[in-house]
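So you can see what is in the structure, the chains are spelled out below.
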Amino acid sequence: SQAGRQIWHRWPFRLAICTNYREGLFFSGTSRKFYDIELNEKIDLSNYNILYGGDEWKEEYSFKDGYCGIEASNENGTRFYGVINQEGDWVVEMSDTLSAQGDEYRGKLTETKLNLGGRFYDIETKEITDPPEGFWEKAPDLINGAYYFLNDEEGIFYCYDIDNDIISKAGETEEKIH
């Protein structure tokens, strides 16, 4: 696994430790670009005012499951948030609404769904959906693209199928919840 791998490399006139190397790429806040381990430029975000808190090797700009969340601001200080893939394409277009709501990329759920801070983004339809009310308080576990959780009152496990927005008792007939 490349997760957490540290890379020592020469950057112009100094030696730095890079702890944000994930999935073959790392981000340099100075140049606002992603590089591979051979220091070949792979994704150029230098046209954006990327926010990185002064630590140019900040781990928040690391790829996870093929995607990386990016936060930037415009000349007025408005914050924007979006998600890129490893080719540098915007999978979730930059949005000031996503930033204001605190949405951030937390991982790929299924082939078409991303977790944006507790809400689900569909790559194909470009829609954001919310899970059922009180869902996160149930401490669900993600297994093969579905969340499983225990209903304490009933003592029964339930399954929430993200792709189809369906909740059902584990092992029983599905019913649409939204």
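Residues numbered from 1 in each chain as written. Predicted model: local features only at pLDDT ≥ 70, side-chain atom pairs only at ≥ 80, totals over all residues. Heavy atoms only, no water.

Okay, the overall build of the protein chain next. Across its full length, the protein chain holds one helix and 18 strands. Within the protein chain, the fraction of its 178 residues that count as buried is 45%. Here the contacts in the protein chain between residues at least 6 apart in sequence split such that 29% fall between residues at least 24 apart. Total accessible area on the protein chain stands at roughly 10,200 Å², and carbon and sulfur atoms take up 43% of it. (Helix = DSSP H or I, 4+ residues; strand = E, 2+ residues; numbered from the N terminus. Buried < 20%, exposed > 50% of the residue type's maximum accessible area, 1.4 Å probe, protein only. Contact = heavy atoms within 4.5 Å. Areas by Shrake-Rupley, 256 points an atom, 1.4 Å probe, with all protein chains shown as cover.)

So, on to the confidence of the model for the protein chain. Residues of the protein chain with pLDDT of at least 70 account for 80%, and the chain-wide mean is 78. Element-level mean pLDDT values for the protein chain span from 44 in strand S2 (residues 14–18) up to 94 in strand S5 (residues 41–44). Segment residues 1–17: pLDDT under 50, and 41 contacts once partners within four positions in sequence are set aside and those in other chains are kept. (pLDDT = per-residue confidence, 0-100.)

Okay, unusual backbone geometry next. The phi angle at Arg32 is positive, at roughly 60°, despite the residue not being glycine. Along the polypeptide, Arg32 turns up in the loop between strand S3 (26–28) and strand S4 (33–35). Arg32 gets classed as partly exposed once you look at its relative accessible area, which sits at 26%. The backbone phi angle of Asp165 is positive, close to 55°, even though this residue is not glycine.

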